[in-house]
Amino acid sequence: MASQAHVETLALREQFDTEAQQKDASTLGMWIFLITEIMFFGGMFLAYTVYRGAFPMVFAVASSSLALILGAVNTVVLLCSSFTMVLAVRAAQLGQQRAIILFLILTLLLGGVFLGVKAYEWKDKFEEHHIPGPTFHLEGVATDQQGHAQLFFSLYFAMTGLHALHMVIGVGILTFLIFQTRKGRYTADYMTPVDVAGLYWHFVDIIWIFLFPLLYLIDRHMK
Amino acid sequence: MSAHIDSVKTYALVFAGLIFLTVATTYVATVDLGPFSVVVALGIAVCKMLLVALFFMHIRHSTKLTKLVVLGGLLWLGILLTLTMSDILTRGALGVPGR
Amino acid sequence: MGTLRLFPEQASTFAPEVDHLLYFLLTVAVFFTLVIFGAIFYFAVRYRRRSDQELPHVVHGGMALEIVWSVIPFGLTMVMFTWGASIFFRESRPPDDALNIYVVGKQWMWKIQHMEGQREINELHIPLGRAIKLTLTSEDVIHSFFVPAFRTKQDAVPGRYSTSWFQPTKAGKYHLFCAEYCGNRHSGMIGWIYVMEPQDYQAWLTGESPTGSLADNGAKLFQDLACVNCHKADGTGRCPSLVGLFGKTVQLSGGGSVKADEAYIRESILQPAAKVVAGYQPIMPTFQGLVTEEGVLQLVEYVKSLGPKPAAETSPAEGITGSTPGKR
Amino acid sequence: MITAAVQEREHYLNASYGIKSWLLTKDHKRIGLLYLATITLFFFLGGAFATLIRIELLTPQGGLVSSETYNKLFTMHGVAMVFFFLIPSIPASLGNFFLPMMIGARDLAFPRINLLSWYLLVIGGLFSLFAMLAGGVDTGWTFYTPYSTTYSNTWVIATALGIFVAGFSSILTGLNFIVTVHTMRAPGMTWFRLPLFVWANYATALIQVLGTPVLAVTIVLLFCERVFHIGIFDPVLGGDPVLFQHLFWFYSHPAVYIMVLPAMGVVSELISTFSRKPIFGYRIVACSSLAIAVLGFLVWGHHLFVSTQSVYAGMVFSFLSYFVAIPSAIKVFNWTATLYKGSISYATPMLYAFGFIGLFTIGGLTGLFVACLGIDVHVTDTYFVVAHFHYIMVGGTIMAYMGGLHYWWPKMTGRMYPEAWAKLSALVIFLGFNLTFFPQFILGYLGMPRRYHVYPEEFQILHVLSTAGASVLAVGYAIPMMYFIWSLRYGKLAPANPWGATGLEWQTASPPPAHNFEETPVVTHEAYDYSTVIGEVIEVG
Ligand code: HEA
Ligand code: HEA
Ligand code: CUA
Ligand SMILES: [Cu+2]
């Protein structure tokens with residue numbers, strides 16, 4: 001086809017020849033972005049593995065000090081949000097504008113709940129002196145092991161913090177999508193942004209699916 | 001456009017499965033299975049990941065390329081963990097400090 | 001400016017070994033460099049473009065060639081690997097009768113303690129012909145103990161012990177460098193290794209006025225830090241006896257066991273609760289911050305001296321042949 | 001000859017004017033030029049630091065600068081050269097410009113992300129520049145803990161943040177390239193018709209995407225450790241400083257292939273064009289790029305042989321290091337074999353390509369020395385390692401980069417460079433380079449540690465030779481800088497295909513139109529089929 005710039009639309013940007021090509025590119029782009037995320041969190045998982053292997057007892061005690069119920073509830077909340085997200089994507093595939101908006105808003109709310117619970121947990125940690133730093137102290141751990149316990153909490157905050165940051169970004173994306181949908185940007189033929197945002201949201205969910213057992217569950221029985 | 005539109009029922013079933021696994025893993029954590037606690041907890045997490053990835057992220061309808069990308073990502077994470085742990089776990093194996 | 005030399009002095013048993021390996025690698029490298037440079041040069045001249053319009057015949061790839069030039073280099077690299085690894089493996093395993101010397105790196109000096117209690121800074125005197133084992137650690141950042149004439153190098157990492165060993169083969173004075181970047185005066189963290197004839201070394205040992213052997217200093221610390229109040233030689237009370245501990249396998253509470261080596265003893269002093277001996281309560285206080293790395297080394301040496309006793313008691317200088325056990 | 005009328009033709013440079021048309025451009029060609037300007041700046045900055053290092057090392061006492069300053073010099077030299085020059089160099093400038101053209105596309109898949117990644121590099125660069133101006137950093141480009149987290153009181157955070165941001169630039173470029181190669185190839189452009197430069201950049205992109213995030217998370221942890229003292233790398237709290245080294249090298253070893261793979265791609269193009277033959281064993285060369293990218297991830301522990309890494313891990317990493325050498329060897333042999341019965345022109349880019357092969361061979365072969373456990377214990381952290389990597393990075397990559405720059409200069413600017421000056425400077429660079437870095441091999445084996453600013457007198461002769469070489473080298477780099485600028489105005493006008501090359505980029509005008517091709521090309525031939533471009537043919541060979 002001729003290279004003369006055709007009229008650029010959202011569904012077909014200048015550099016692409018066909019809409020299918022553009023969709024393939026966006027989807028592949030998102031998946032590649034997600035594997036960079038795997039590697040990014042991978043560094044944290046590695047640090048966790050190393051230190052848990054080095055100080056299993058202390059990690060057991062520290063892990064048991066987390067609020068199991070809150071963690072489990074938050075997992076459920078996040079799974080619910082994934083469910084509503086997938087329904088939003090489905091609505092987009094079918095071109096049901098109002099359903100998209102409804103499910104996106106639900107997802108957004110659930111994401112908000114998750115962040116709220118997380119903030120509440122962090123606040124608790126703050127009051128209990130479980131924040132890494134000079135005032136750090138964890139009951140049930142010998143004085144010379146406090147450093148190791150602090151390592152657990154350093155990882156806890158780094159991992160949940162980064163996860164929460166991803167959630168915040170996700171919330172931003174959802175908000176953007178809601179406004180765009182209201183403007184009628186997405187149709188059954190062009191819903192790539194919703195689709196791709198869905199991938200992102202589910203990915204963040206998967207990260208939590210691993211953080212939950214690693215931080216809250218493993219070794220709890222050893223307490 | 002999208003070739004595959006899954007039914008709400010499929011999604012609901014997957015969702016129910018995910019909730020069930022969450023409850024199960026939380027419960028099992030309080031039971032002492034010795035070293036198997038870790039295995040069970042991570043096993044369940046992997047199952048949940050598969051459910052989300054295959055159904056919610058539509059990997060089961062995806063192109064080979066997408067599947068390859070995902071497997072590649074996991075493989076690379078595996079490389080990072082395995083080769084680093086190959087050092088950490090064999091430290092001092094010669095019975096000489098630092099060797 | 002000094003004179004130009006191409007190879008460093010060979011002053012340890014490893015030096016000729018490493019150099020031989022180097023000669024092998026050099027031969028391979030020079031060979032391939034010549035082949036590549038030669039081929040490029042020859043082809044460039046022989047097949048230079050003579051007319052703007054000429055079009056060479058396409059030479060289609062040759063699988064046989066590809067295989068040949070992958071397999072031959074691969075074979076060569078495997079020789080390199082095996083040879084290099086075998087030297088490395090020996091460099092990693094000090095002989096049992098090696099003379100122990102303790103090294104603590106600190107910004108920006110090397111603090112060295114001998115078994116007899118002599119201490120040196122940025123200097124190390126050792127007897128010729130005797131295997132020397134260094135146990136290294138650092139008080140702050142990572143340093144690296146590098147003696148080019150011995151072809152050995154080992155990082156000294158804070159928070160852990162590492163080991164290096166060599167057997168000098170030539171008396172003389174050799175450079176000691178810190179090879180891991182460690183801050184401002186990294187290039188000033190240098191010193192000298194003095195390899196001495198055994199009798200000279202003996203004279204040097206006696207010439208220095210040691211403040212008691214390393215183990216004795218450890219024993220004194222053991223008193224001063226009140227370890228002795230708990231750890232009685234007969235093992236009475238709530239604490240394990242440390243007699244005969246070194247080298248033993250210790251059963252830990254909560255399952256598992258650990259070999260009582262230098263690193264374990266160090267950890268027992270600084271983080272006693274990390275590994276608790278089976279049948280005891282974790283009541284031992286931590287001595288982190290109360291005792292320096294050098295002090296810990298003295299304590300370690302003291303605990304080592306509590307046994308198991310070496311078969312024969314020899315003074316280090318007599319073990320020149322490197323066969324008599326000399327550990328005290 | 002080209003007439004004035006043709007010259008007036010609209011192309012990407014005159015399609016629009018003004019600062020804004022550059023700073024907001026989505027055209028991959030303009031973005032390529034923006035990168036070119038940025039990295040040139042950082043190269044000369046890094047070169048200025050190198051100059052000071054070499055002058056300082058003239059005398060053993062270290063009279064010129066204090067040790068604080070010296071430590072900052074080599075750190076900032078390494079940081080500027082590695083993160084802000086060499087890693088973006090070929091992919092982000094030449095790759096950005098030519099990868100879409102070579103596959104017959106109008107642009108990269110995500111032009112706005114492409115522009116964003118240039119901004120990220122600039123922002124990252126500004127962070128690091130700020131750190132350099134505010135007082136510098138002194139940790140070495142490797143940022144080893146606990147020195148960098150606890151002991152250094154220089155601008156570690158600002159520099160690390162700069163590298164963090166620049167890392168995202170690298171990730172996004174890689175992502176863009178991968179997607180582009182997968183989805184935007186012109187009709188008929190099958191995988192095994194791609195030019196080798198595209199293959200090389202594709203392999204590079206894989207590394208960027210898989211490796212760089214680990215660097216990013218390492219920097220996040222470093223940041224937390226330094227600011228909040230969380231203990232991750234602090235032995236006092238039970239942290240493991242060597243874990244940092246694992247994380248750092250997991251990225252930074254593969255990163256050396258980010259630096260060399262694109263150079264290999266350039267050289268494949270040059271060797272083919274200037275001997276008028278398809279690369280011998282095209283498929284094997286293409287696949288060995290991928291093999292290097294993959295195997296490159298398995299060897300990082302060879303930087304940790306004496307770091308208290310376990311003996312077994314050391315052996316595994318040494319063993320694996322040799323595997324990555326094989327695909328490199330295959331490439332070298334295939335390039336050389338391509339020359340056989342070719343029609344070899346001595347144009348400047350080809351001289352650089354010869355230089356690359358030779359110097360890369362030496363650098364790579366000495367890589368085998370340092371991968372060898374027995375030898376590395378002796379030479380690690382000495383000038384032997386410094387010589388090894390300069391041979392590959394300066395002797396190899398920069399040679400190829402210069403070659404590529406000369407080769408594509410007519411296409412990018414529409415002007416020819418002065419051939420005689422170019423040949424002269426190629427020669428000067430080659431000689432100056434060897435004089436600078438060959439003595440360092442000897443220095444290193446003699447035991448001269450790296451990052452030393454005061455050194456024993458017996459090493460002085462070799463250091464003086466090295467400094468002398470560096471001055472020649474500096475002259476060598478300054479000449480092209482001048483004639484390139486000169487040629488922008490006074491250079492001969494370039495025809496569309498001055499070298500008789502086969503790539504699609506040569507089938508469009510010089511400089512190319514804004515949308516690259518008047519018509520989307522349809523590819524019907526393998527890469528490097530010279531019978532399609534040579535008019536009347538004299539067969540040889
Ligand atoms: C572009 C950059 C680049 C490239 C491509 C390489 C390529 C290689 N490098 Fe290098 N390296 C660096 C940049 C690079 N390196 C840097 C910057 C450092 C130091 C970092 C620091 O500490 O600051 C370093 C350090 C370094 C070390 C650690 C040294 C130490 O600190 O102690 C090691 C150890 O194994 C190593 C090995 C190798 C090997 C085996 C290759 C191989 O890929 C080489 C393969 C090439 C060939 C083999 C040549 C071609 C082959 C032939 C001509 C045929 C004949 C072949 C055979 C007989 C096999 N490198
Ligand atoms: C791409 C990477 C790259 C490049 C191109 C170079 C280029 C050069 N390097 Fe670099 N070097 C590194 C990467 C690189 N280096 C790294 C990673 C380290 C390790 C850092 C660390 O230990 O942390 C290092 C370390 C290093 C050292 C060791 C320092 C030490 O350990 O104490 C030395 C010493 O000679 C050196 C020299 C040189 C020289 C002479 C050049 C020359 O090739 C440069 C020539 C270029 C010019 C000279 C520019 C031309 C400039 C002009 C014409 C104008 C001149 C302007 C003024 C004087 C104001 N480098
Ligand atoms: Cu100590 Cu360098
Ligand atoms: Cu490497």
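Given the structure is predicted, the values throughout are model-derived calculations rather than measurements. (Residues numbered from 1 in each chain as written. Chains lettered and ligands numbered in written order. Predicted model: local features only at pLDDT ≥ 70, side-chain atom pairs only at ≥ 80, totals over all residues. Heavy atoms only, no water.)

A.B. asks: What is the right way to look at the domain arrangement of chain B in this model?
C.D. replies: Interface size, as often reported, equals the accessible area lost upon joining of the parts. Residues and elements named next belong to chain B. Along its sequence, chain B is carved into domain 1 (1-61) and domain 2 (62-92). One C-alpha centre belongs to domain 1, the other to domain 2; they are set 21 Å apart. The partner domain 2 presents five residues to the five residues of domain 1 that form the contact. Overall, the association of domain 1 and domain 2 removes approximately 340 Å² of surface from exposure, summing both partners, and the carbon and sulfur fraction of that is 59%. When the area that domain 1 buries against domain 2 is broken down by residue, the three leading residues are Met49, Ile59 and His61, summing to 85%. Here domain 1 is connected to domain 2 by zero salt bridges. Considered class by class, the residues forming the side of domain 1 that touches domain 2 number two nonpolar, two polar and one charged. (Domains from an automatic or database assignment. Contact = heavy atoms within 4.5 Å. Buried area = accessible area lost by both parts, 1.4 Å probe. Salt bridge = Lys/Arg side-chain N within 4 Å of Asp/Glu carboxyl O. Nonpolar A, V, L, I, M, F, W, Y, C, P; charged D, E, K, R; others polar.)

A.B. asks: Got a minute to help me understand the interface of chain A and chain D in this structure?
C.D. replies: Taken together, the contact between chain A and chain D spans 37 residues of the former and 38 residues of the latter. Of the roughly 3100 Å² buried where chain A meets chain D, counting both sides, 69% is carbon and sulfur surface. Between the two partners, chain A and chain D, sit one salt bridge. Counting every contact that joins chain A to chain D gives ten residue pairs in polar contact (both at pLDDT 80 or more). Counting residues per element, the ones that place at least two in the side of chain A that touches chain D are α1 (19-54) and α5 (146-182) of chain A. At 18 residues, the largest contribution of residues to the side of chain A that touches chain D is made by α1 of chain A. (Polar contact = N/O pair within 3.5 Å; in protein donor to acceptor, adjacent residues only side chain to side chain. Helix = DSSP H or I, 4+ residues; strand = E, 2+ residues; numbered from the N terminus.)

A.B. asks: Teacher, can you tell me more about the coordination of the copper ion (ligand 4) here?
C.D. replies: Metal coordination angles have textbook ideals: 109.5 degrees for a tetrahedral set of four donors and 90 or 180 degrees for an octahedral set of six. All names here are of chain D. In this structure, His253 (ND1), His302 (NE2) and His303 (NE2) serve as the protein donors to the copper ion (ligand 4), at separations of 1.8 to 2.1 Å. All donor residues of the copper ion (ligand 4) come from one chain, and their arrangement in sequence is H-x48-H-H. The distance between the copper ion (ligand 4) and the iron atom of ligand 1 comes to 4.5 Å. Classification of His302 by relative accessible area gives buried; the value is 16%. With relative accessibility at 29%, the residue His303 sits in the partly exposed group. (Donors = N, O, S within 2.8 Å, 3.2 Å for Na, K, Ca; no water. Buried < 20%, exposed > 50% of the residue type's maximum accessible area, 1.4 Å probe, protein only.)

A.B. asks: Just to check I follow, could you spell out the sheet that holds strand β6 (residues 132-138) of chain C for this structure?
C.D. replies: All names here are of chain C. Pairing within the open sheet is mixed, and its five strands lie in the order β4-β3-β2-β6-β9. The outermost strands of the open sheet, each flanked by one partner alone, are β4 (119-121) and β9 (162-166). Taken over all neighbouring pairs, the strand axes of this sheet differ in orientation by 25° on average, direction set aside. Alignment of strand β2 (residues 99-106) against strand β3 (residues 109-114), held across six bridges, turns out to be antiparallel. Following the sheet pairing, Tyr102 is matched in β3 by Gln113. (Pairing = 2+ DSSP bridges. Axes fitted to C-alpha atoms, helices over the stretch in contact; angles between N-to-C directions.)

A.B. asks: Is there a simple way to explain the site of ligand 2 in this structure?
C.D. replies: Residues and elements named next belong to chain D. Taken together, 35 residues surround ligand 2, and among them Arg54, Tyr70, His77, His390 and Arg451 come closest. At 2.6 Å, a side-chain N or O of Arg54 approaches an oxygen atom of ligand 2. With respect to ligand 2, the side chain of Tyr70 contributes an N or O atom lying 2.5 Å from an oxygen atom. Those elements giving two or more residues to the shell around ligand 2 turn out to be α3 (28-56), α4 (67-102), α14 (383-413), α15 (419-446) and α16 (460-490). When residues in the shell around ligand 2 are grouped by element, the largest group, eight residues, is from α3. (Near = heavy atom within 4 Å.)

A.B. asks: Got a minute to help me understand the coordination of the iron atom of ligand 2 in this structure?
C.D. replies: Residues and elements named next belong to chain D. Surrounding the iron atom of ligand 2 are the protein donor atoms His77 (NE2) and His390 (NE2), which sit 2.0 Å from the metal. His77 gets classed as buried once you look at its relative accessible area, which sits at 14%. Exposure remark for His390: the relative accessible area of 12% places this residue in the buried category.

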